[in-house]
Structures are given as C-alpha cells and as structure tokens.
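# Working through the structure, step by step
Each chain is listed here by its residues.
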Amino acid sequence: MGCDCSLTTGEQIICTTCRAEIPTSLNHLQKDDKVKELFFARVNIETATSLFYYEKIGVVQQLIYQLKYNGHEEVSPFLGKWLATNLKEDPAFKNIDLVIPVPVHPKRRAKRGYNQVDGFGKELAAVLGARFRESVLIKKRNTINQAQLGQVKRSDETQSPYQLAEKIAPGTHVLLVDDVITTGTTLTLCAKELHKNPNIKISIATMAISV
C-alpha cells in the first residue's frame, strides 16, 4: 500500500523497502517527547507514544488513508502488532490493565464498517496482557473530520462530543488509543471523560503523530 511494488513471500501490507524507510517515532523513548508535550497542563497522563511520524505525503499517509477511507481494515491490527513489539518489554507499558479506543460516531462507523483503531487496540491489548473494551466511551455527536478543520476549531475543548458510558474500577491503568495525533484535542477530551472515574491512570498510544 505504500508504493506500487508487488508484495513477495513473507511481506504483509507494505514491502520490505517501505517498511525500512518509514519514519518511526516512539516518542516516549526520546528526551524531547513531542507527544507528552501536547498534553502538558491539559490533562494528566502517565506516558504517551506514537509509532510513526505522519506527513501529508508518503507511506504513513497512504496507510492511514487506506485504513480510514478505502476499507483496508487489516492495516489497523498490522500497525498494532508493529507497535506492540516495541512496547511489550517497556517498563512504562508493563502494567496496562485496559485498552480503550477513541470512539467514532455510530453513523460514521456504519458507513466505514468498523472503528479504524479497534484492530490496533486489540493487538496492543493482546501483547500487553490487558483487556480491550470499546464500550467505555461513546461519541454522542457526529463531528466534521478533524483533518478538514482549521487549527483553532480543531483545538476547541469547550464542546466535547465524547461521553463516559461505563465506569472503570479505581486503580486501573488505561491505555487510550487513536490513529493520528494532530493538536491532541480528541485525546484530551477522551482522557478528561475517563478521569471522571476516580483514581485511574491514563497512558496514550497512537499510530502516528503529525509533523
């Protein structure tokens, strides 16, 4: 999906060349953690990471586009497994109890046929020994695609379309997952809803962070 090359035996989703050239991020391992910086003074999180850097052109953009708009649901678990291999021995992610995806509105889910981050989250949960629950958060209002919004509107945190639908036990360490971080507003709003449960911890993992 990243280029026009045909896949050979042993290759999945993208060819070996594209895989080697993708700009991986894994921000939590870097001293200058761009992901965690986005949430500073907005919401309390433990740690945050992204698998890739997202640019408007290139292999990562093609993968996300195929996942969200062309029905290639298989991209989601593929990326989840890729990130999971990097996190399974990481102390920061050793005690994850519950993986929760950012929800999509029922109308958008019906049109697409799936939540694009479910497969991603399920793979992370499986490797990290956590439970996956997609019913904790709901999206009560169908908003315009974030990519189509300007910076100011995209950063608006006053009118949240997300709602807590199920309680979480105190002491739970939640891993909140999404596809691409731009301003961090979506994840901030979801994390704030989750923090309505007392005494929980929240970490974040995404497929990519916009650069």
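Before reading on, note that the structure itself is shown above.
Remember, it's a predicted structure, so these values are computed and weren't measured experimentally.

Criteria and cut-off values
Residues numbered from 1 in each chain as written. Predicted model: local features only at pLDDT ≥ 70, side-chain atom pairs only at ≥ 80, totals over all residues. Heavy atoms only, no water. Buried < 20%, exposed > 50% of the residue type's maximum accessible area, 1.4 Å probe, protein only. Helix = DSSP H or I, 4+ residues; strand = E, 2+ residues; numbered from the N terminus. Pairing = 2+ DSSP bridges. Contact = heavy atoms within 4.5 Å. Polar contact = N/O pair within 3.5 Å; in protein donor to acceptor, adjacent residues only side chain to side chain. Phe/Tyr/Trp six-rings, centres within 6.5 Å; stacked < 30°, edge-to-face > 60°.

## Quick look at the pairing of strand S2 (residues 98–101)
- With burial as the criterion, each face of S2 is covered, one bearing Leu 98 and Ile 100 and the other bearing Val 99 and Pro 101.
- In the sheet, S2 pairs with strand S3 (residues 131–132) via 2 bridges, with the strands oriented parallel. The partner of Leu 98 across the bridge, within S3, is Arg 131.
- Across 4 bridges, the pairing between S2 and strand S6 (residues 173–181) is parallel. If you follow Ile 100 over to S6, its bridge partner there is Leu 176.

## Remarks on the environment of Thr 206
- Here Thr 206 lies in strand S7 (residues 201–210).
- We classify Thr 206 as buried; its relative accessible area is 0%.
- Once the C-alpha coordinates of Thr 206 and Ala 48 are considered, the two residues, 158 residues apart in sequence, prove to be 8.3 Å apart.
- Leave out the neighbours within four places in its chain, and Thr 206 touches Thr 49, Ser 50, Leu 51, Leu 83, Phe 120, Asp 178, Asp 179, Ile 181 and Leu 187.
- At 2.5 Å, the side chain of Thr 206 and the side chain of Ser 50 are in polar contact.

## As for the packing of aromatic side chains
- All told, the structure shown has 3 aromatic pairs when counted by the stated rule.
- Measuring from ring centre to ring centre gives 5.0 Å for Phe 52 and Trp 82, while their planes differ by 85°; the resulting arrangement is edge-to-face. With Phe 52 in strand S1 (residues 48–54) and Trp 82 in helix H4 (residues 75–87), this pair connects stretches of sequence that are 30 residues apart. The residues Phe 52 and Trp 82 share a single accessibility class, namely buried.

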